[in-house]
Amino acid sequence: MAEPILEIRNLSKHFGALRATDDVSLNLRPGEIHALIGPNGAGKSTLIHQIAGTLKPSAGTIRFLGRDIGGLGVPERTRLGLGRTFQISSLTPEFSALRNVMLAVQARQGTSFRFFRPVMGDRSLTEPAMAMLERVGLADRAEIPAGELSHGERRQLEIAIALALGSKTFLLDEPMAGMDSEGSKTLTGFLDALRHEAPILLVEHDMDAVFALADRISVLVYGRIIATGTVDEVRTDPEVRRAYLGEEA
Ligand SMILES: Nc1ncnc2c1ncn2[C@@H]1O[C@H](COP(=O)(O)OP(=O)(O)OP(=O)(O)O)[C@@H](O)[C@H]1O
């Protein structure tokens, strides 16, 4: 089996007496979508924050591409290729989709000294940025201001930006939140293809999306993983049914 890209071992986060994550171990393999599900307050976002570097773990290790990243800050983790998206603030709403991606290409190239040149005419920026928009299926929306894109399109744009910044893995925290069923269907199709570019750790409450997408699911309850397995294994696990899925499973 391929080496995991991301390996979490015995990760915990304590807020006073509360164990928001408690001895969590999981991994993410190349090409997979690993979904993390669980009731409200189970610790899913806390876990994502710990991996992204915005929360310091109380204990445990995080290895990314074979390297212990526990001591690294957010920018260093991003530079290594750990992509966290869906922070809407990363988009400049009045700039076109293309220009938003060009800024990321420029940041990656470290060419901000070119500010005095007309950026939109710079083919070393427009061409890779266009290629990125094509990869995420937004090429025909290149000229539309980011603020006028649909909810789902903005998420695709954020992924294009993350790819332009060199992301090799994605941590996605509730990407379907606030979407109608049409939007979440489109985004599901998009994430399905994205996994082959970069594996995804997906926190999501939309169970249709999770069951359609996940290669594996881990179920988090009160900060602990109570089961990890395929969709079928998790759906039929008695403890998961009792603790989370209930009779609807
Ligand atoms: N900064 C913090 N200080 C204290 N407690 C916190 C903090 N952040 C989260 N918690 C607590 O940790 C627990 C886990 O919260 P977390 O947001 O990780 O859960 P979640 O599984 O993402 O929930 P949801 O599905 O509702 O987003 C909760 O009890 C929450 O109140």
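Keep in mind the model is a prediction, meaning the values are calculated, not measured.

**Overview of the overall build of the protein chain**
- Across its full length, the protein chain holds nine helices and 10 strands.
- Computed over C-alpha atoms, the radius of gyration of the protein chain comes to 19 Å, within 12% of the 18 Å expected from 2.2 N^0.38 for 249 residues, which places it in the range of a compact globule.
- Viewed in the frame of its principal axes, the protein chain has a C-alpha envelope of about 60 × 40 × 35 Å.
- Taken over 249 residues, the protein chain has a buried fraction of 48%.
- Put simply, the protein chain shows about 11,800 Å² of open surface, and 51% of that area lies on carbon and sulfur atoms.
- If you average the places of the 28 positive and of the 32 negative side-chain charges in the protein chain, the two averages end up 7 Å apart.

**Quick word on the nonpolar core**
- Ranked by internal contacts, the top residues of the largest apolar core, which has 37 residues, are Val-101, Leu-133, Leu-157, Phe-170 and Leu-191.
- Broken down by secondary-structure element, the contributors of at least two residues to this core are helix 3 (97-109), helix 4 (123-135), helix 5 (151-164), strand 7 (169-173), helix 6 (181-194), strand 8 (200-203) and helix 7 (207-213).
- With seven residues, helix 5 is the single largest residue contributor to this core.
- Both domain 1 (1-81 + 168-249) and domain 2 (94-166) contribute no fewer than three residues apiece to this core.

**Notes on the domain arrangement of the protein chain**
- Partitioning the protein chain into domains gives domain 1 (1-81 + 168-249) and domain 2 (94-166).
- Opposite the 15 residues of domain 1 that make contact, domain 2 presents 10 residues.
- Each partner contributes to the roughly 1,000 Å² buried at the junction of domain 1 and domain 2, and carbon and sulfur atoms together form 66% of this total.
- Its largest share of buried area at the contact with domain 2, domain 1 owes to Phe-170, Phe-190 and Glu-197, together 46% of the area lost on that side.
- On inspection of domain 1 and its partner domain 2, the count reaches one salt bridge.
- Across the pair Glu-197 and Arg-135 runs a salt bridge, and its minimum N-O distance is 2.3 Å.
- The interface formed by domain 1 and domain 2 holds five residue pairs in polar contact (both at pLDDT 80 or more) in total.
- A per-element tally of the side of domain 1 that touches domain 2 places helix 6 first, with five residues.
- Within the side of domain 1 that touches domain 2, the residues separate by chemical class into nine nonpolar, three polar and three charged.

Rules and cut-offs
Residues numbered from 1 in each chain as written. Predicted model: local features only at pLDDT ≥ 70, side-chain atom pairs only at ≥ 80, totals over all residues. Heavy atoms only, no water. Helix = DSSP H or I, 4+ residues; strand = E, 2+ residues; numbered from the N terminus. Rg over C-alpha atoms; globule rule 2.2 N^0.38 Å. Buried < 20%, exposed > 50% of the residue type's maximum accessible area, 1.4 Å probe, protein only. Areas by Shrake-Rupley, 256 points an atom, 1.4 Å probe, with all protein chains shown as cover. Lys, Arg positive; Asp, Glu negative; His and termini not counted. Charge placed at Lys NZ, Arg CZ, Asp CG, Glu CD. Core = buried A, V, L, I, M, F, W, Y, C linked by side-chain atoms within 4.5 Å. Domains from an automatic or database assignment. Contact = heavy atoms within 4.5 Å. Buried area = accessible area lost by both parts, 1.4 Å probe. Salt bridge = Lys/Arg side-chain N within 4 Å of Asp/Glu carboxyl O. Polar contact = N/O pair within 3.5 Å; in protein donor to acceptor, adjacent residues only side chain to side chain. Nonpolar A, V, L, I, M, F, W, Y, C, P; charged D, E, K, R; others polar.

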